[in-house]
Amino acid sequence: QVQLVESGGGLVQPGGSLRLSCTASGSIFRIYAMGWYRQVPGKQRELVAHITSGGSTNYADSVKGRFTISRDNAKNTAYLQMNSLKPDDTAVYYCKVDAVYSGGWERRTYWGQGTQVTVSS
């Protein structure tokens, strides 16, 4: 079993920055892809950024040039650096990890608890 713990959310003014972190723990055999999603009331959860085990990245058009995803494999941690934040970035941000647990055979998807990001002046 794998558990994800998120941190780094909060209140920030437009144009400001935040860095989110997501740390995976538990009986992990190997972590594959890691990503960040966000959701606001009344809207579908959307992909924000994604990073593979090889370091390839993908971003939503709305955040390209402003957000950067990275990972530290030694710490089983993914980060999302968010710059030039806008009010439309306000959402609950969720970490997603694809991993195989120790003793398992299948690649499974795990979700973090979510962290609130609010951009307001």
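Before reading on, note that the structure itself is shown above.
These numbers were taken from a predicted model, which means no experiment stands behind them.

1. Notes on the state of the cysteines
So, point 1. Scanning the model with the defined rule gives one disulfide in all.
So, point 2. Covalent S-S linkage joins C22 and C95, the inter-sulfur distance amounting to 2.1 Å. Across the S-S bond of C22 and C95 the torsion is about -80°, and the bridge reads as left-handed. Of this pair, C22 sits in strand β3 (residues 18-26) while C95 sits in strand β9 (residues 91-101); the two residues are 73 residues apart in sequence, bridging distant segments of the chain.

2. A word on the pattern of salt bridges
So, point 1. Under the definition given, this model contains seven salt bridges.
So, point 2. For K64, the salt bridge identified is with D61, shortest N-O distance 3.3 Å.
So, point 3. In the salt-bridge network here, residues are joined through shared partners; they are R38, E46, R66 and D89.

The rules behind these values
- Residues numbered from 1 in each chain as written.
- Predicted model: local features only at pLDDT ≥ 70, side-chain atom pairs only at ≥ 80, totals over all residues.
- Heavy atoms only, no water.
- Disulfide = S-S within 2.5 Å.
- Helix = DSSP H or I, 4+ residues; strand = E, 2+ residues; numbered from the N terminus.
- Salt bridge = Lys/Arg side-chain N within 4 Å of Asp/Glu carboxyl O.

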